[in-house]
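# Inside the fold
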Amino acid sequence: MTRRGTTNRWRRAAGAVAALALIAGACGGDDDDDVATDEPAEADEPADADEPADADEPSDEPADAEEPSDEEPVDTTQGGSILDTVIDRGTLNCGVSGAAVAFSVTEADGSVTGIDADYCRAVAAAVLGDATAVTFTALTAAERFTAVQTGDVDVLMRNSTWTQSRDTDVGMDFGPTTYYDGQQLMAREADGFSPSSEVAEIDGAVVCTNAGTTTETNITELAGQLGIAITLQTFEDYDQVVDAFLAGTCDVITTDGSGLVGRKAVQQPEGENWVIFPATPISKEPLGPVYAQNDSQWADVVNWTVYATFIADELGITSADVDAALAGDFGPEAQRLMGGEGELQTVMGLSADAFYNVISQVGNYQEIWDANLTPVGLDREGSANAQWTDGGLIYAPPAR
Amino acid sequence: MGATMDGPIHVPQDGDAEALDYTKAAPPEEPVTPPGRWVKENLFSSTSNTIQTVIFGGLLLVLLRFVLNLVFSEENNWAAVATNVRLLMSYNYPAEQYVRIWFTVGALAAAAGLSMAAWQLHPRISVRRIGVNLLGTGGVLIVMGILTPGATPSSIRIGMLVIGAALLVIGAGLLFGTEDPHLKHVSFTAVLLTISGLIIAFLWLFPLGKYLFIDGEAIQEDGTVSATTKGPWTVTILILLASLFVGRAIGKAIGGTRPLRLAMGVWWVIGPAFLIFLVLRDPEFDWDYVLKVDLPLALAFGLGGGALLYALTKPTFADQARAVGAVLMGFAIFNWVAAFFGWYAMLQKVRFSFLALALFALAAPTFAGEKSARLRFAGMWLGLVAVGHWLITGINTPSTLDITAPPFLGGFVLTVSIAYYVMLASFPLGILLALARTSRMPIFRVLSTIYIEFVRGIPLITVLFFFSIMLNLFLPNGMAVSELAAVFTGYTVFSAAYMAENIRGGLQSVRKGQYEASDALGLTGVQRTGLIVLPQALRVSIPNLVGQAIATFKETSLIAIVGGFDLLRIADKTIPAQTAFIGQKRVGLLFICVVYWAFSYSMSRASRNLEVKLGVGQAR
């Protein structure tokens with residue numbers, strides 16, 4: 001009996017192992033890739049080095065799949081610029097929100113629109129000559145900066161505020177601001193507010209905002225400074241804030257001005273007039289591109305792509321006028337910017353017509369604004385986002 | 001499963017014609033009471049019963065009114081869902097590649113039809129059941145038509161009333177116009193054909209309106225749904241019907257459905273993976289490399305390994321087999337250690353293959369036996385290599401899809417794919433864990449218990465975060481898995497622990513006498529487990545397993561938190577950000593509620609039918 005029991009046990013164990021083998025094999029097949037190690041020189045598998053599929057992201061991110069495996073995805077310290085990676089890959093990996101009204105929105109047909117998305121396209125047009133060569137990665141607020149640091153995205157255009165701590169702390173750099181936002185308040189005109197109201201006038205009001213954001217901190221601090229008493233109600237989600245405002249639970253809601261204007265344009269009921277104040281926002285929220293630290297070549301490319309849209313706007317070059325600008329009709333600076341003479345673009349590692357492609361395929365700053373921000377009621381005139389010649393903050397160094 | 005259950009001794013299996021005999025002697029039908037008496041007996045039999053009926057009936061009406069208010073509220077903008085159906089179903093899959101999605105749907109329909117034929121799914125549906133269902137549906141529709149709030153478009157209200165009345169009339173006609181409606185049966189084929197015809201007619205005749213996309217702008221037009229929707233769906237339904245008849249014809253021609261069942265069983269395991277990775281993802285194979293490296297590798301492992309295993313399963317070679325298995329295992333483990341430290345380069349595929357081969361070699365003595373059994377074992381290995389190598393190659397090949405934002409899976413497709421493969425992968429894993437936990441070998445028992453209790457003690461969302469962020473850190477240098485694969489792995493690990501506990505419950509319900517009887521028959525441990533214990537244990541576990549499957553399906557919405565674009569994230573974040581639908585969340589959430597409910601309820605119904613068929617819960 002004992003002997004028999006022992007054999008049985010052995011056999012059972014073996015059976016279990018066999019089944020495990022099946023699973024292990026199957027799982028392996030499902031998840032993993034047959035990537036070579038990072039030492040192709042010592043490879044005893046001759047084909048390793050030119051293995052076509054040494055993907056870092058095997059199944060889902062086709063663009064990444066073409067990356068060579070013998071390097072970290074992004075290696076900014078050892079010479080290789082992201083610029084070379086992007087050119088080799090043939091597409092730009094751009095991090096966006098995918099769910100931020102007017103900034104980056106996934107449309108019903110799957111396309112991505114918005115000012116952030118357009119700046120992704122602008123960078124792709126500059127680097128690759130093709131504004132459509134963008135792979136958008138939709139990132140949550142929590143994962144956005146990690147994605148930049150790990151190289152999952154080449155550039156992040158995800159309405160991220162440029163702050164000192166972010167710029168200095170976490171291994172990334174900020175490019176020129178593409179949209180100057182700032183926290184404002186919105187209330188009903190019927191409650192005695194007007195666009196020229198001051199924050200002090202909300203004394204005693206119920207103020208609603210998102211929980212755990214800087215907007216919450218800002219308004220609390222400001223109320224303390226001004227010595228006014230407000231009842232602060234916070235909601236998990238901005239949609240809930242607006243719903244509460246619509247229902248009359250809140251007298252005042254507060255968030256970034258762009259968010260307030262967008263909601264006012266779409267959700268203001270007939271017969272009510274919502275007003276946004278104070279004219280000078282209570283916080284500064286400069287939004288712009290973010291990229292990995294210590295890669296100045298890539299930083300130059302992204303920065304000057306943004307500046308090119310500013311300069312084109314300043315000089316009045318629209319996507320329809322690029323050929324005229326190239327011919328010199330808009331002056332020598334415009335001609336240089338379009339690649340007509342000199343080597344402004346080529347020293348950066350771009351083709352001479354890089355910014356010609358940006359303006360012709362995406363447009364200048366005003367065109368990008370008109371396409372994305374005007375439909376939700378955001379007015380450029382008189383805001384901080386006007387050209388410096390019109391008293392705004394949109395200012396680019398000269399192209400020469 | 002069918003293949004592995006073949007043993008030298010014929011034991012009746014589910015689905016075998018002779019084995020089903022006991023279910024053919026169905027329990028006596030319940031006595032049929034006329035509707036009038038049924039109402040009186042069940043709803044108004046006493047004063048307290050009447051009061052309860054009135055109170056709860058009233059509550060039900062209030063609830064229905066509330067739901068209708070929610071659905072037909074003026075504030076709802078159903079265009080938000082109607083415009084975004086494409087996004088909800090397949091996220092940003094490129095429109096010009098939609099033929100791939102339709103091919104997938106068509107292939108699934110064909111497989112479903114063949115499977116219906118293979119498993120001889122043609123339940124006898126009594127006229128009474130149809131009549132009662134029609135009456136019930138008609139009644140609910142009429143009540144809904146009366147209760148809908150004033151804002152409801154009158155066409156919908158009238159439509160509800162008219163269709164409800166029509167159903168009532170047809171149902172009453174069937175119920176009262178037929179003699180002994182509970183004894184008369186309608187063939188399943190007829191019901192299926194009728195339903196298909198109605199769906200097709202609805203698609204082609206009902207003016208639901210359509211949306212066109214021109215330069216990203218959605219333009220609404222009146223009329224029936226667009227041809228690009230109704231065309232493919234019609235074809236899909238026709239494919240389903242055709243394959244059902246083809247399957248039946250095949251069954252007749254070869255005089256039995258067993259081969260077809262086997263084929264379909266295998267297909268349902270690897271077919272969907274084929275559809276996901278080769279059809280939907282459309283990898284761009286480097287044929288030169290495939291022919292030069294992938295194919296020779298697969299052939300070498302498949303044939304060489306097969307020959308080795310065939311030799312090792314020779315009954316007299318048991319000791320050598322163990323030795324070879326141990327050596328191979330040692331090498332495979334060393335191989336992986338080397339991978340982690342980057343000592344030498346080797347395709348990970350090769351490392352996997354060595355590991356699998358070692359495990360097979362270790363198991364070889366168990367499968368020692370007749371020539372045919374040995375061939376089958378070698379064949380299993382060959383199949384594993386073929387599928388495994390092909391999948392790894394497919395997954396590693398860059399996709400040609402012109403997708404603006406990865407991943408290529410999103411929306412409903414993502415939800416279903418993840419749920420399906422998590423269930424499929426965690427099922428065998430769960431069985432193994434359950435067997436290990438009830439094993440008499442302490443090391444297995446302890447390991448399995450630790451695993452199960454550890455995983456069950458962690459929230460799913462934690463497991464998902466852990467795997468999506470940490471998994472790549474644990475992998476050897478140069479090897480990485482995508483976010484989705486990481487989520488899939490984590491979810492499987494999690495689900496398997498629960499699955500194991502459900503199955504353990506079933507295992508414990510198997511009487512000791514069954515073990516003793518199988519020992520007395522001289523069955524080996526594997527045979528006893530596979531042929532006697534597991535079938536009984538799994539049968540008992542069906543309700544729990546289906547509960548688990550439904551939970552798995554619903555909890556896929558957590559993928560949204562780790563970055564996937566499933567139904568929830570699209571309805572909750574993506575649609576409300578679109579300029580036209582700023583802040584419109586309610587309709588999207590209502591819509592996905594309906595989708596989740598419809599699927600969960602179908603699973604629940606299917607499991608009920610299976611339970612009835614297998615006689616779960618009935619004394620045997």
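In this text, all values refer to a predicted model and were calculated from it rather than measured experimentally.

Quick look at the sheet that holds strand β4 (residues 112-113) of chain A now. Sheets are built from strands that pair by backbone hydrogen bonding, the pairs being arranged parallel or antiparallel. All names here are of chain A. With antiparallel pairing, the three strands of this open sheet are ordered in space as β2-β3-β4. Edge positions in the sheet fall to β2 (99-100) and β4, since each of these pairs with one other strand and no more. In this sheet, strand β3 (residues 104-106) lies alongside β2 in antiparallel orientation, the contact comprising two bridges. In the sheet register, Ala99 faces β3, and the bridge partner there is Val105.

What follows is about the state of the cysteines. Residue and element names in this part refer to chain A. Tallied over the full model, the rule gives two disulfides over all chains. Paired by a disulfide, Cys94 and Cys120 hold their sulfur atoms 1.9 Å apart. Linking Cys94 and Cys120, the disulfide has an S-S dihedral of approximately -60° and is accordingly described as left-handed. Here the residue Cys94 occupies a position in strand β1 (residues 92-96), and Cys120 occupies one in helix α4 (residues 115-128), the gap between them amounting to 26 residues.

Turning to the packing of aromatic side chains, a few remarks are in order. Under the definition given, this model contains 28 aromatic pairs over all chains. A ring pair is formed by B:Phe285 and B:Trp287, whose centres lie 5.2 Å apart and whose planes are at 50°; its orientation type is tilted. Classification of B:Trp287 as exposed rests on a relative accessible area of 55%. By the ring-pair criterion, three or more aromatic residues cluster together here, those being A:Phe103, A:Tyr179, A:Trp304, A:Tyr307, A:Phe310, A:Tyr365 and A:Trp369.

A few words now on the side chain of B:Lys230. Residues and elements named next belong to chain B. Looking at the secondary structure, you find Lys230 in helix α10 (residues 227-253). Note on Lys230: relative accessible area 9%, which makes it buried. For Lys230, the contacting residues outside a window of four places in its chain are Leu203, Trp204, Thr224 and Val225.

This part covers the pattern of salt bridges. All names here are of chain B. Tallying each qualifying case throughout the model produces 20 salt bridges over all chains. When the shortest N-O distance is used, the salt bridge between Arg437 and Glu501 registers 2.8 Å. Within this pair, whereas Arg437 is found in helix α16 (residues 411-437), its partner Glu501 is found in helix α19 (residues 483-509), the two being separated by 64 residues in sequence. For Glu611, the salt bridge identified is with Arg608, shortest N-O distance 3.2 Å.

Glancing now at helix α21 (residues 525-555) of chain B. Note on helix geometry: an α-helix contains 3.6 residues per turn, so any two residues three or four positions apart are oriented the same way. Under the 1.5 Å per step criterion, the end-to-end length of α21(B) is only 37 Å for 31 residues, more than 12% shorter than the ideal 45 Å. Roughly 60° is the biggest bend found in α21(B), and it falls at B:Ile542, with proline B:Pro543 one to four residues downstream.

On to helix α3 (residues 82-89) of chain A. All names here are of chain A. Along α3, the positions that sit buried rather than exposed are Ile82, Leu83, Thr85, Val86 and Arg89. All buried residues of α3 lie within an arc of 165° about the axis, which places them on one face of the element. Remark: Gly90 follows α3 within two positions and exhibits a positive phi of approximately 90°.

In this section: the confidence of the model for chain A. Per-residue confidence for chain A gives a mean pLDDT of 79; residues scoring 70 or more make up 80%. The secondary structure element of chain A with the lowest average pLDDT is helix α2 (residues 62-65) of chain A, at 34, and the one with the highest is α4(A), at 95.

Residue and element names in this part refer to chain A. Reading across the sheet, the five strands line up as β11-β10-β12-β9-β13 and stay open at both edges, with mixed pairing between neighbours. At either end of the open sheet lies a strand with only one pairing partner, and these are β11 (231-235) and β13 (274-277). On average, each strand axis in the sheet is tilted by 30° relative to the strand beside it, whichever way the strands run. As defined by bridge partners, strand β9 (residues 183-188) adjoins β13 across four bridges and the pair is classed as antiparallel. Note that in β13 the partner of Leu185 across the bridge is Phe277.

The biggest cluster of nonpolar side chains holds 87 residues, and the ones touching the most others in it are A:Cys94, A:Tyr119, A:Ile253, A:Trp298, A:Leu350 and A:Phe355. In this structure, this core is formed jointly by two domains, domain 1 (82-180 + 286-390) and domain 2 (183-283) of chain A, each of which donates at least three residues. Discounting chain neighbours no more than four positions away, the residues touching A:Trp298 are A:Ser81, A:Ile82, A:Leu83, A:Val86, A:Leu92, A:Val123, A:Val127, A:Asp154, A:Val155 and A:Tyr291. Ranked by size, the runner-up nonpolar core spans 38 residues in total, among them B:Tyr98, B:Phe408, B:Leu460 and B:Val562.

All names here are of chain A. Of all five residues that make up strand β12 (residues 252-256), five are buried, and the element is covered over most of its length. In terms of strand pairing, β9 meets β12 through five bridges, oriented antiparallel. Within β12, the residue paired with Gln184 across the bridge is Thr255. Relative to β12, strand β10 (residues 206-210) runs parallel, the two sharing two bridges. Residue Val207 lies in a different strand from β12, and its bridge partner there is Val252.

In this structure, the amide linkage connecting A:Phe277 to the following residue, A:Pro278, adopts the cis form with an omega of -15°. Although it is not a glycine, A:Asn294 adopts a positive phi angle of roughly 65°. Its location among the elements puts A:Asn294 in the loop between β14 (285-292) and α10 (296-315). Residue A:Asn294 is classed as exposed on the basis of its relative accessible area, which comes to 57%. Phi angles above zero are rare outside glycine, and B:Tyr91 is one such case at about 50°. Secondary-structure assignment places B:Tyr91 in the loop between α5 (85-90) and α6 (98-118).

Okay, a nonpolar patch on the surface next. On the surface, a cluster of nonpolar side chains totalling about 690 Å² of accessible area is made up of B:Phe331, B:Ile333, B:Phe334, B:Val337, B:Phe340, B:Phe341 and B:Trp343. Within the element layout of this structure, B:Trp343 appears in the loop between α13 (318-341) and α14 (348-363).

Moving on, we come to the packing of α4(A) against α10(A). Residues and elements named next belong to chain A. In contact at an axis separation of 10 Å, α4 and α10 are set at 110° when each is read in the N-to-C sense. With respect to their mutual orientation, α4 and α10 come out roughly perpendicular. When the axes of α4 and α10 are compared, the crossing they make is right-handed. Every residue of α10 that contacts α4 at Tyr119, Ala122, Val123, Ala126 and Val127 is listed here: Trp298, Val301, Val302, Thr305, Val306, Thr309 and Phe310. For the contact of α4 with α10, the residue count by class is ten nonpolar, two polar and no charged.

Okay, the environment of A:Pro269 next. Residue and element names in this part refer to chain A. By the element assignment, Pro269 lies in the loop between α9 (257-267) and β13. Residues Pro269 and Leu246 lie 23 residues apart in sequence; the distance between their C-alpha atoms is 8.3 Å. Contacts of Pro269, omitting those with residues within four sequence positions, involve Leu246 and Trp274.

What follows covers the pairing of strand β6 (residues 155-161) of chain A. Here is the key point about a regular strand: its side chains alternate between the two faces of the sheet. Residues and elements named next belong to chain A. Among the seven residues in β6, six count as buried, and that is most of the element. Both β6 and β14 contribute to a ladder of three bridges, which runs antiparallel. If you follow Leu156 over to β14, its bridge partner there is Val290.

Here is what the cut-offs are and how they apply
- Residues numbered from 1 in each chain as written.
- Chains lettered and ligands numbered in written order.
- Predicted model: local features only at pLDDT ≥ 70, side-chain atom pairs only at ≥ 80, totals over all residues.
- Heavy atoms only, no water.
- Pairing = 2+ DSSP bridges.
- Helix = DSSP H or I, 4+ residues; strand = E, 2+ residues; numbered from the N terminus.
- Disulfide = S-S within 2.5 Å.
- Phe/Tyr/Trp six-rings, centres within 6.5 Å; stacked < 30°, edge-to-face > 60°.
- Buried < 20%, exposed > 50% of the residue type's maximum accessible area, 1.4 Å probe, protein only.
- Contact = heavy atoms within 4.5 Å.
- Salt bridge = Lys/Arg side-chain N within 4 Å of Asp/Glu carboxyl O.
- Expected span 1.5 Å × (residues − 1).
- Bend = angle between axes of the 7 residues up to and from the residue.
- Arc of directions from axis to C-beta.
- pLDDT = per-residue confidence, 0-100.
- Axes fitted to C-alpha atoms, helices over the stretch in contact; angles between N-to-C directions.
- Core = buried A, V, L, I, M, F, W, Y, C linked by side-chain atoms within 4.5 Å.
- Domains from an automatic or database assignment.
- Patch = residues over 30% accessible without salt bridge, like charges linked within 9 Å, V, L, I, M, F, W, Y side chains within 5 Å.
- Areas by Shrake-Rupley, 256 points an atom, 1.4 Å probe, with all protein chains shown as cover.
- Parallel < 35°, antiparallel > 145°, perpendicular 65-115°, else oblique.
- Left-handed = near helix turned anticlockwise from the far one by under 90°.
- Nonpolar A, V, L, I, M, F, W, Y, C, P; charged D, E, K, R; others polar.

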